[in-house]
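# A closer look at the structure
Residues per chain are reported as follows:
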Amino acid sequence: MAEPRVVTIHYTLTNDQGEQLDSSRVEGREPLAYLEGAQNIIGGLESALTEKAAGDQVKVTVSPAEGYGEKNEELVQPVPRSAFEGVETIEPGMQFQAQTPGGPQVVRVVEVNDETVTIDANHPLAGETLHFDVEVVEARPATDEEQEHGHVH
């Protein structure tokens, strides 16, 4: 395997409808730096950027399987409103951190009724085909410390 690199990119992310979901190219945002092989970004994007160099421009389409996975309907479920004790206002779109047997999990509120709140523990982009427009800004060898820690310093 090649020496791990730190790759810095500018990107714009859109969905199948062409709606911009995220971008590092907006004012006040820095390019994204990630450590290759450390699962800092989704696999489908990382594999498309392997061996790319500074100045390269790439358009990448990432399937759900290589992105945030397919939407799992079992992760959408009603819970008693009493589970939100101490929260006065609960509205669709709000996010909460739930304690689960597997550890903390971010859930999104999708529906609110008198007795129940329907939550969704899927990643918001689960089931979506993602389209990235990427410019590689820099690619450099990772330091020993970055490799040990599993992220960019």
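Residues numbered from 1 in each chain as written. Predicted model: local features only at pLDDT ≥ 70, side-chain atom pairs only at ≥ 80, totals over all residues. Heavy atoms only, no water.

### Observations regarding the nonpolar core
As a rule of thumb, nonpolar side chains are buried together in soluble globular proteins. Formed by 17 residues in total, the largest nonpolar core has its most connected members in Ile9, Leu45, Leu49, Val62, Leu130, Phe132 and Val134. Residue assignment for this core shows that the elements contributing at least two residues are strand E1 (5-14), helix H1 (43-49), strand E4 (57-62) and strand E9 (130-141). In this structure, Val62 is in contact with Ile42, Gly44, Leu45, Gly67, Glu128, Thr129, Leu130 and Phe132, ignoring residues within four places of it in sequence. (Core = buried A, V, L, I, M, F, W, Y, C linked by side-chain atoms within 4.5 Å. Buried < 20%, exposed > 50% of the residue type's maximum accessible area, 1.4 Å probe, protein only. Helix = DSSP H or I, 4+ residues; strand = E, 2+ residues; numbered from the N terminus. Contact = heavy atoms within 4.5 Å.)

### Some points on the side chain of Arg108
Residue placement: Arg108 occurs in strand E7 (residues 103-112). Here Asn122 takes part through its backbone oxygen, which lies 3.2 Å from a polar atom of the side chain of Arg108. (Polar contact = N/O pair within 3.5 Å; in protein donor to acceptor, adjacent residues only side chain to side chain.)

### Let's talk about the sheet that holds strand E6 (residues 95-100)
Two orientations exist for strands paired in a sheet by backbone hydrogen bonds: parallel and antiparallel. Ordered by their spatial adjacency, four strands build an open sheet running E5-E8-E7-E6, and the pairing between neighbours is antiparallel. Both edges of this open sheet fall to strand E5 (76-80) and E6, since each of them pairs with a single strand only. Ignoring which end each strand starts from, the neighbouring axes of this sheet average 45 degrees apart. Relative to E7, E6 runs antiparallel, the two sharing six bridges. Following the sheet pairing, Gln97 is matched in E7 by Val106. (Pairing = 2+ DSSP bridges. Axes fitted to C-alpha atoms, helices over the stretch in contact; angles between N-to-C directions.)

### Points about the pairing of E1
Across the ten residues that make up E1, a large majority, nine, are buried. Examined bridge by bridge, E1 and E9 share ten bridges and lie antiparallel to one another. Looking across to E9, one finds that Val6 is bridged to Arg140. For E1 and strand E3 (residues 32-35), the ladder comprises four bridges, and the chain directions are antiparallel. Within E3, the residue paired with Val6 across the bridge is Leu35.

### Re the packing of aromatic side chains
According to the stated counting rule, one finds two aromatic pairs in the structure shown. Arranged with centres 6.5 Å apart and planes meeting at 55 degrees, the rings of Tyr11 and Phe132 form a pair that is tilted. Highlighted residues: Tyr11 in strand E1 and Phe132 in strand E9, separated in sequence by 121 residues. You'll find Tyr11 and Phe132 in the same group, each marked buried. Geometrically, the ring pair formed by Phe84 and Phe96 is edge-to-face, given 5.0 Å between the ring centres and 70 degrees between the ring planes. Separated by twelve residues along the polypeptide, Phe84 in the loop between E5 and E6 and Phe96 in strand E6 bring together distant segments of the chain. Judged on exposure class, the residue Phe84 and its partner Phe96 are both buried. (Phe/Tyr/Trp six-rings, centres within 6.5 Å; stacked < 30°, edge-to-face > 60°.)

### Points about a negative patch on the surface
Taken together, the side chains of Glu3, Asp144, Glu145 and Glu148 present a region of like negative charge at the surface. Along the chain, Glu145 falls in helix H2 (residues 144-149). Taking relative accessible area as the criterion, Glu145 reaches 44% and is therefore assigned partly exposed. (Patch = residues over 30% accessible without salt bridge, like charges linked within 9 Å, V, L, I, M, F, W, Y side chains within 5 Å. Areas by Shrake-Rupley, 256 points an atom, 1.4 Å probe, with all protein chains shown as cover. Salt bridge = Lys/Arg side-chain N within 4 Å of Asp/Glu carboxyl O. Lys, Arg positive; Asp, Glu negative; His and termini not counted. Charge placed at Lys NZ, Arg CZ, Asp CG, Glu CD.)

### A look at the environment of Gly93
Residue position: Gly93 is located in the loop between E5 and E6. Given a relative accessible area of 51%, Gly93 falls into the exposed group. C-alpha of Gly93 to C-alpha of Val6: the two residues are 87 residues apart in sequence and 34 Å apart in space. Not counting the four nearest positions on each side in its chain, Gly93 is found in contact with Arg108 and Val109.

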